[in-house]
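# Chain and residue survey
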Amino acid sequence: MPDPTSSPTLTVDSAAPNPAPNPAPNEASNETLGRFNFLAVIGRIILAFFQQVGRLSMFTASAVSHCVRPPFFPRQLLGQMVEIGYYSLPVVGLTTIFSGMVLALQSYTGFARFSAEGAVATVVVISITRELGPVLAGLMVAGRVGAAMAAEVGTMRVTEQIDALTTLSTNPMKYLVVPRLVAACLMLPCLVLVGDVIGVYGGYLIGVNKLDFNAASYIQNTWDYLETLDVVSGLVKAAVFGFLIALMGCYMGYNSRGGAQGVGVSVRNAVVSASILILISNYMITELFFAQ
Amino acid sequence: MSASPPKIALSGVKKRFGRKVVLDGIDLEVAPRESVVIIGGSGTGKSVTLKCVLGLLKPDAGSIKVDGEEVVGLGDRARERINTKFGMLFQSAALFDSLTVWENVAFGLIQGHKMARRKAREKAIEKLAQVGLGADVADLSPSELSGGMQKRVGLARAIADDPEIIFFDEPTTGLDPIMADVINDLIVKCVKEVGATALSITHDIASARKIGDRIAMLYHGKLIWVGPAATVLDSGNPYVDQFVHGRADGPIQMELRG
């Protein structure tokens, strides 16, 4: 550290001569660059984007191919299933129950204007099973599990633990990535199924206790208009979301650079990219299932 | 060297990152049961050399042979097979913090050699004893250990499956001088007991002289000096002289910007 009393003069001194010595070449290069700078920036961004897409595709292909090739690590898989499935239950349960409750309240307000209050139960169950259950659970799990994966794998990368795995003749893709991918694909549908039930129950609570529906007819309405496809499409979404969450968590963690800051960046990127991919793929799967 | 074929042979190994040439043609042979130490300043490519041999990085050119078998460009399976010959002590120990100490030591035995967990635990405790740690640390988590103890556990893990070749990446960095010497002694003892070939990298001259039979100096991507460990202090090479005596003035200029 420089002496605090001398630092003001230092900064003035060092700042002043910088632009002074050779203004001419600087200006000239700026001018020629200026014309191309804009294009160069766009080019660089696009190249970086495709580089990332390429890397991610290679990573995905490698991860998926390792899923079907032994050796497998059942102990790791079980651990991840407990971590992703069991420990996410409270988060998913809370999210869906309040979503179901608010959905009942809001749709009641809307339908009352058309005297169609009877549709509340149907709207709640269809919205929860088709959309809100998988999407909200996916986003919550992306924050909870995706971030944890990126942080854990990223820390293992920057502390050379992934290199250590390789030197111990253990493929890190098989040991770290595959169990997380498979566990997330299996557990997310389970979570969403539980979340569906809890969300519908949330709607039921509000419907019966606050909006004075008859309990039996609320349940009747719920069942009558629910189709298998509603639930199945939600579960397919959940599996895809699980895959995306684990993939982004592992990919970002696996490619972490630098120390704590690098891991922080990976965690942020994992959560943001997983969330965005969930919303995009949600639209595409919906289109696939329900577009007429 | 001797008539027996070299355990590890590097010839013309080159590696660059972008425009920066890190390794510019490395030639080095390590005989069976010999211990070679590569010394050199920070950023001269010591770690890169090691990572190339381990297969963590792929050299741009040149050949690396282990037991006469070319290992550059091997597939996953073949690489795993080659890596079973290796043990490695990382600079930061790189212990798996999600596992206990004994599971760390036994990792290669359980995953690589498919040993039963109970038997692997016994072997792990035996190896921990070999590096001077009691059975009471076996069930601790690595984060509960001091730096010196973590290095010992790392060493125990490196020698757990009696590897033919052990790599040491800066084994004494970050340790106090006494602990560093203890680790050096342990390395010499363990390498002898296991009967392994050793390749180490360090910038600690005391450590290099203690654990190495031969020392090689890496500078600007080339090995500029290779000789017996005993002669490193009076090698007659101005670069080596400057490095081993730690002088700021001399032919080596510190690159502050890479």
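Residues numbered from 1 in each chain as written. Chains lettered and ligands numbered in written order. Predicted model: local features only at pLDDT ≥ 70, side-chain atom pairs only at ≥ 80, totals over all residues. Heavy atoms only, no water.

## Focus: the overall build of chain A
What counts, and what does not: Going along the chain from the N terminus, every DSSP run of H or I of four or more residues is numbered as a helix, and every run of E of two or more is numbered as a strand. Only protein chains enter the area calculation, which uses a 1.4 Å probe; residues under 20% of their type maximum are buried, those over 50% are exposed, and those in between are partly exposed. Residue contacts are defined here by distance: any two heavy atoms, one from each residue, within 4.5 Å place the two residues in contact.
Check the secondary structure of chain A and you find ten helices and zero strands. Within chain A, the fraction of its 292 residues that count as buried is 40%. Considering only contacts within chain A whose residues lie at least 6 apart along the sequence, 84% involve residues at least 24 apart.

## What about the overall build of chain B?
To keep it simple, the criterion reads: C-alpha atoms define the radius of gyration in this analysis, and the globule rule sets the expected value at 2.2 Å times the number of residues to the power 0.38.
A count of helical and extended segments in chain B gives nine helices and ten strands. In terms of overall dimensions, chain B is globule-like: its C-alpha atoms have a radius of gyration of 18 Å, near the 18 Å expected for 258 residues. The dimensions of chain B, computed from C-alpha atoms along their principal axes, are 55 × 40 × 40 Å. Each of the 258 residues in chain B was classed as buried or not, and the buried ones make up 52%.

## Observations concerning the confidence of the model for chain B
Heads up, the rule is: pLDDT expresses how confident the predictor is about each individual residue, on a scale running from 0 to 100.
Of all residues in chain B, 97% attain a pLDDT of 70 or more, and the chain-wide mean is 87. Of all the helices and strands in chain B, helix H2 (residues 76-83) of chain B carries the lowest mean pLDDT, 84, while helix H3 (residues 101-105) of chain B carries the highest, 93.

## Comments concerning the packing of aromatic side chains
Basically, it comes down to this: Aromatic contacts are taken between Phe, Tyr and Trp rings whose centres are within 6.5 Å, Trp giving its six-membered ring; a plane angle under 30 degrees counts as stacked, one over 60 as edge-to-face, and the others as tilted. Throughout this description, the term charge over a ring refers to an Arg CZ or Lys NZ atom that lies within 6 Å of the ring centre and within 35 degrees of the ring normal.
Applying the stated criterion to the full structure yields 14 aromatic pairs over all chains. When the ring of Phe49(A) is compared with that of Phe50(A), the centres are 5.4 Å apart and the planes differ by 75°; the resulting orientation is edge-to-face. Assessed through its relative accessible area of 54%, Phe50(A) is described here as exposed. A connected cluster of aromatic rings, assembled from ring pairs, spans Tyr108(A), Tyr201(A), Tyr204(A), Phe213(A) and Tyr218(A). It is Arg130(A) that lies over the ring of Phe290(A); its NZ or CZ is 3.7 Å from the centre. Between the NZ or CZ atom of Arg157(B) and the centre of the ring of Phe96(B), over which it lies, the distance is 4.8 Å.

## Description of the sheet that holds strand E10 (residues 222-228) of chain B
Residues and elements named next belong to chain B. To be explicit about the condition: Whether two strands pair depends on DSSP finding at least two bridges between them. An axis is simply a line fitted to the C-alpha atoms; with a helix, the fit covers only the stretch in contact. Between two such axes, the angle follows the N-to-C directions and lies from 0 to 180 degrees.
The strand order across the open sheet built from six strands is E6-E7-E8-E3-E9-E10, with neighbouring strands paired in mixed fashion. Strands with a single pairing partner mark the edges of an open sheet, and in this sheet they are strand E6 (86-89) and E10. Direction aside, the axes of adjacent strands within the sheet are offset by 15° on average.

## Looking at the sheet that holds strand E4 (residues 61-66) of chain B
Residues and elements named next belong to chain B. Across the sheet, which stays open at both edges, the four strands sit in the order E2-E1-E4-E5 with antiparallel pairing between neighbours. In this open sheet, the two edge strands, each paired with only one partner strand, are strand E2 (20-30) and strand E5 (69-70). Looking at chain direction, E4 and E5 are connected through two bridges and run antiparallel. By the bridge assignment for E5, Val66 is matched with Glu69. Packed onto the sheet, helix H1 (residues 46-54) meets strand E1 (8-17), E2 and E4 and runs at close to 115° relative to E1.

## Looking at the interface of chain B and chain A
For clarity, the threshold we go by: Buried area is understood as the total, over both parts, of accessible area removed when two parts are fitted together, assessed with a 1.4 Å probe. Counted as salt bridges are all cases of a side-chain nitrogen of Lys or Arg within 4 Å of a carboxyl oxygen of Asp or Glu. In protein, a polar contact means a hydrogen-donor-capable atom and an acceptor-capable atom, both N or O and within 3.5 Å, with residues adjacent in sequence counting only if both atoms are side-chain atoms; elsewhere, any N or O pair within 3.5 Å suffices. Gly is placed with the polar residues, together with every amino acid not listed as nonpolar (Ala, Val, Leu, Ile, Met, Phe, Trp, Tyr, Cys and Pro) or charged (Asp, Glu, Lys and Arg).
Taken together, the 26 residues of chain B in the interface contact 20 residues of chain A. Counting each side, the surface lost to burial between chain B and chain A is near 1900 Å², with a carbon and sulfur contribution of 53%. Applying the counting rule to chain B against chain A returns one salt bridge. As a salt-bridge pair, Asp163(A) and Lys51(B) come within 3.9 Å of each other at their nearest N and O atoms. Summed over the shared surface of chain B and chain A, the number is eight residue pairs in polar contact (both at pLDDT 80 or more). Secondary structure elements with two or more residues in the side of chain B that touches chain A: H1, H2, E6 and helix H4 (107-112) of chain B. Per-element accounting of the side of chain B that touches chain A gives the leading share, four residues, to H2(B). When the residues that make up the side of chain B that touches chain A are grouped by side-chain class, the tally is ten nonpolar, seven polar and nine charged.

## Quick notes on the UniProt feature "domain: ABC transporter" (unreviewed entry) in chain B
Defined as follows: UniProt positions are given in the numbering used here, feature names are shortened, and annotations may be inferred rather than shown by experiment.
Per the UniProt record, "domain: ABC transporter" (unreviewed entry) is annotated on residues 8-245 of chain B. Split by type, residues 8-245 of chain B is 37% helix and 26% strand. Its first and last C-alpha atoms lie 29 Å apart.

## Here we look at the domain arrangement of chain A
All names here are of chain A. The line we're drawing: Domain delimitation in this document rests on an assignment produced automatically or drawn from a domain database.
As far as domains go, chain A holds domain 1 (26-69) and domain 2 (73-290). The gap between the C-alpha centroids of domain 1 and domain 2 is 31 Å. Between domain 1 and domain 2, the contact holds eleven residues from the first and 13 residues from the second. Here domain 1 meets domain 2 over a buried area of about 1100 Å², counting both sides, of which 80% is carbon and sulfur. Considering only the side of domain 1, the residues that lose the most area to domain 2 are Leu56, Phe59 and His66, jointly responsible for 54% of the buried surface there. At the junction of domain 1 and domain 2, the tally comes to two residue pairs in polar contact (both at pLDDT 80 or more). Among the residues forming the side of domain 1 that touches domain 2, the class breakdown is five nonpolar, four polar and two charged.

## Here we look at the nonpolar core
Stated precisely, the cut-off is as follows: To form a nonpolar core, buried Ala, Val, Leu, Ile, Met, Phe, Trp, Tyr and Cys residues must be joined to one another through side-chain atoms within 4.5 Å.
Residues Val177(A), Phe167(B) and Leu199(B) are the most contacted members of the largest nonpolar core, which totals 75 residues. Element by element, the count of residues in this core is highest for helix H7 (residues 172-209) of chain A, at eleven residues. With near-sequence residues (within four places) excluded, Val177(A) lies in contact with Phe59(A), Ala63(A), Pro172(A), Cys250(A) and Tyr254(A). Among the nonpolar cores identified, the runner-up in size contains 51 residues, and Ala106(B), Ala158(B), Phe168(B) and Val244(B) belong to it.

## As for the pattern of salt bridges
All names here are of chain A. Following the criterion strictly, the structure yields 21 salt bridges over all chains and no others. Salt-bridge contacts for Asp230 lead to Arg130; the nearest nitrogen and oxygen are separated by 2.7 Å. You can see Asp230 sitting in helix H9 (residues 228-254) and its partner Arg130 sitting in helix H5 (residues 120-158), a full 100 residues away along the chain. Assessed through its relative accessible area of 28%, Arg130 is described here as partly exposed.

## Brief notes about the packing of helix H4 (residues 89-112) of chain A against H5(A)
The description of two packed helices rests on the angle between their axes and on the distance between the axes. Residue and element names in this part refer to chain A. Note the following rule: Crossings are assigned a handedness: left-handed for a near helix turned anticlockwise from the far helix by less than a right angle, right-handed for a clockwise turn.
Between H4 and H5, the least distance of the axes is 9 Å, while the angle of their chain directions is 145°. For H4 against H5, the interelement crossing comes out right-handed. Taking contact as the criterion, the partners of Val91, Val92, Thr95, Thr96, Ser99, Gly100, Leu103, Ala104, Ser107, Tyr108 and Phe111 in H4 are, on H5, Val120, Val123, Val124, Ser127, Ile128, Leu132, Gly133, Leu136, Ala137, Met140, Val141 and Arg144. Taken together, the residues that form the contact of H4 with H5 break down as 15 nonpolar, seven polar and one charged.

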